[in-house]
Amino acid sequence: MSVDLSQFIPNFLAESFEGLELMESSLLNLEQGDDETMNAIFRAAHSIKGGAGTFGFDHVTEFTHLVETLLDEMRNGQRAIKQDDVELLLVSVDCMRMLIEAIRDEGDYDKDKIDETYQLLLVALKGKEPDLLPTTNNSTDKSVTSTDGMTEWNISFIPEHHLVQTGNDPLLLFNALAELGELKVEANCNNLPSILDADPQELYLSWNLTLHSKNASEALIREVFEWVEDECELTITQNKPAECDVESANLEEKLTASQPADSNDTANLDESLTVEKVAENTQQEKQVIKAPTKSTSKTKVDAGSIRVGVDKVDSLINLVGELVITQSMLSELGSDFDLSKVERLTSGLEQLLQNTKELQESVMRIRMLPISFAFNRFPRLIHDLGKKTGKDIELVLKGEQTELDKTVMEQISDPLVHLVRNAVDHGIETAEVRAANGKATKGKIVLDAYHQGGNIVIEIKDDGGGINRDAVYNKAVEKGIVDAGTSLTDNQVFELIFEPGFSTAQEISDISGRGVGMDVVKKNIQALGGRIQIDSTPGEGSTFKVNLPLTLAILDGQLVKVGSETYIVPLITIVESLQTKAELINRVSGDMVLYRLREDNVPIIPIYKLFGIASDADADSLEEALLVVVEADGQKVGLLVDDLLAQQQVVIKSLDENYQQVEGISGATILGDGSVAMILDIPGLIELAMQNANHRLSSKTHSPSAEGAMI
């Protein structure tokens, strides 16, 4: 019976990515003598190599073998843990990730970078026994060969008796060896017991194998026995023919060609073969020659998977069991119902409601992942940016176990990366500047995640120089974003950095400073139903606070009545709800109506006018009217509504998929009575109101009798 191994590839990919993350984070913290961390890194590389070999991803196996060999030397004390080697291993991890991603996506990878790093690994390993190096298409094995190019290997394989009980089959090992060359197998039956004493589940045979091969090396042969090396005695010897020609290994040729002939010091390598050069290339977009992956055609992979803890699955199964019991009880009541059973029916419905709610929460928990999945990339990012900018930066991670919906997590990762890069480039000062200002030369960036009011808050805080308010304001005036002399609050000035193309950087770097990105960051966060706020103090640093919903599937909303329609206002956008007072209402510039809310003047948007529906509300008489004050893009507005209804969680239905996109509406939901309610898109609503106001203003210019409006 054959087994389709391709069904296990998604698991291999998931485990490989986890292993790579472990390798990366561990390498950043690796110190001399830290055997536990060193062993963990080695095991991760070993598992990836083994898995790749199982599924036939030979290019991954080949590359990882070199990484594993270098790690093995460090683990065994043959090589001291040096920063250069750690940097090389970090670059190698990048390459391994690139190869794994190419398998996942069935796409291409940067072959030049792989080859460069491969050469660096070979150089780093120079001086070790050749059999530690793998045999590749360009063989690196310094072997002894006969004149016909064939090498004869004698292999003594004495397995332990219980070998077959662990699922290992010697025949499969011999088949793998036969792929390396011509194999002769001789069984040794000397230890066979009598048939009465033999245990049918044990193995009593041993073998002497003779392999003739052009390409085999001891390392490659040992790799065949890799999974049984702890369960056998394995001896490999090479027969030396009388006439032999000791070839210079291709490795030597490669190394000689790529480094000064009289030096083993990798520091003297050509610039194109330095770790720094390759590491730099990993950070830059460049035109590269793409090579096809070597993955087999059967490796169609669905990456849309998620790992779920057994406890969450058990909880779900228990709830489904409760739901089935309740459904049986209600079915029984319905088949023979009379008024005497009303109380039981009511109780059953309440139980059904409770079961449904718990089931919903349990299902939502399955999609929840710790935000550490997103945070794990930042130690490496800070490490690389610190090297590039010459800044010494400490990264502090908090709230790593805070859970967030998987989809939200995937979509927030890139905006977070951009914010952290900006914090390093623009926020943290150089050591000289910090010292001159009486601050510690080492800067600090804190990533913190926590729950607040049913949402998740992610803070990116730095102790740098803070945002220069005057510089931002003057740049905005220079670019014509605001008029000179316009009075703005600090928050309104900070919001200007989210304008497209806005930058106060004097020099453009490849880290940031081109003015692209921050507007995209804000749009991405808004697309997730979140918002971003900035708090900055000169000389003390800045904090970017990102508020996000826990999930994109369900929304906490406030139901409001406008005419005969019911709308949903996302709770995350609501500042407060109030009843207006006449003395706080101000009409300015003819059409615009503002409501004085403590220190702010809040424009009023009558929803019924915006959507053109009949309503009991009267925009001309706002005394004791109901306002829902919401905030988006740093701007507060008051939504004029007829009535406030309940707050409840609603399931979001896409308008794009079921109808079409509508300005000011982000989606729809179905209420308990079966009616459809629209979910308001607050940023879009404000923009729509502004467009209408501008249109009316333009019309009024041409027609003085045009009807006025509030905004």
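Residues numbered from 1 in each chain as written. Predicted model: local features only at pLDDT ≥ 70, side-chain atom pairs only at ≥ 80, totals over all residues. Heavy atoms only, no water.

Q: How should I be thinking about the overall build of the chain in this particular structure?
A: Looking only at helices and strands, the chain features 21 helices and 26 strands. Here the chain holds 711 residues, and the buried ones make up 44% of them. Relative to all contacts within the chain whose residues are 6 or more apart in sequence, the contacts with residues 24 or more apart total 70%. For the chain, the computed accessible surface area is about 37300 Å², with 47% contributed by carbon and sulfur atoms. (Helix = DSSP H or I, 4+ residues; strand = E, 2+ residues; numbered from the N terminus. Buried < 20%, exposed > 50% of the residue type's maximum accessible area, 1.4 Å probe, protein only. Contact = heavy atoms within 4.5 Å. Areas by Shrake-Rupley, 256 points an atom, 1.4 Å probe, with all protein chains shown as cover.)

Q: Can you help me understand the sheet that holds strand β12 (residues 443-452) in this one?
A: In a beta sheet, neighbouring strands pair by backbone hydrogen bonds and run either parallel or antiparallel. Taken together, the 5 strands give an open sheet; going across it, the order is β10-β12-β13-β15-β14, and neighbouring strands pair in mixed fashion. Every other strand in the sheet has two partners, leaving β10 (393-398) and β14 (531-537) as the edge strands with one partner each. Geometrically, the sheet is characterised by an average inter-axis angle of 15° between neighbouring strands, direction not taken into account. The pairing of β10 with β12 spans 6 bridges and is parallel. Among the inter-strand pairings, L395 is bridged to a residue of β12, identified as I445. The sheet strands contacting helix α13 (residues 378-389) are β10 and β12, and the helix crosses β10 at an angle near 170°. (Pairing = 2+ DSSP bridges. Axes fitted to C-alpha atoms, helices over the stretch in contact; angles between N-to-C directions.)

Q: Looking at this model, I keep getting lost on the side chain of T669. Mind explaining?
A: Examined against the element boundaries, T669 turns out to sit in strand β25 (residues 665-670). With a relative accessible area of 2%, T669 lands in the buried category. Here the side chain of T669 touches V651 through a polar contact of 2.7 Å, landing on its backbone oxygen. Those residues in contact with T669 that lie beyond four places of it in its chain are I568, V650, V651, K653, S675, V676, A677 and I679. (Polar contact = N/O pair within 3.5 Å; in protein donor to acceptor, adjacent residues only side chain to side chain.)

Q: Looking at this model, I keep getting lost on the packing of aromatic side chains. Mind explaining?
A: With the rule as written, the count across this model stands at 10 aromatic pairs. Seen in terms of ring centroids, F157 and F174 are 6.3 Å apart; in terms of plane orientation they differ by 90°. Their pairing is edge-to-face. Within this pair, whereas F157 is found in strand β3 (residues 151-159), its partner F174 is found in helix α6 (residues 170-178), the two being separated by 17 residues in sequence. With a centroid separation of 5.3 Å and 70° between ring planes, the pair formed by F174 and W207 is classed as edge-to-face. Pair noted here: F174 is in helix α6 and W207 is in strand β5 (residues 206-213), with a separation of 33 residues, a long-range link. Exposure remark for F174: the relative accessible area of 8% places this residue in the buried category. The ring of F42 carries R75 above its face, with NZ or CZ at 3.7 Å from the centroid. (Phe/Tyr/Trp six-rings, centres within 6.5 Å; stacked < 30°, edge-to-face > 60°. Lys NZ or Arg CZ within 6 Å of the ring centre and 35° of its normal.)

Q: Sorry, what's going on with the sheet that holds strand β4 (residues 182-188) here?
A: A sheet is described by the order of its strands in space; here 4 strands give the open sequence β4-β5-β3-β6, paired in antiparallel fashion. Since the sheet does not close on itself, it has two edges, and those belong to β4 and β6 (232-239), each with one partner. Taking the axes of each pair of neighbouring strands and ignoring which way they run, one obtains an average angle of 15° across the sheet. In this structure, β4 lies alongside β5, joined through 7 bridges in antiparallel fashion. Pairing of N188 across the sheet is with S206, part of β5. On the sheet, α6 packs against β3, β4 and β5 and is oriented at approximately 15° with respect to β5.

Q: What should I look at first to understand a nonpolar patch on the surface in this one?
A: On the surface, I306, V308, V313 and I317 cluster together into a nonpolar patch covering about 280 Å² of accessible area. Positionally, I306 belongs in the loop between β8 (290-292) and α10 (310-335). Residue classification places I306 among the partly exposed residues on the basis of a relative accessible area of 31%. (Patch = residues over 30% accessible without salt bridge, like charges linked within 9 Å, V, L, I, M, F, W, Y side chains within 5 Å. Salt bridge = Lys/Arg side-chain N within 4 Å of Asp/Glu carboxyl O.)

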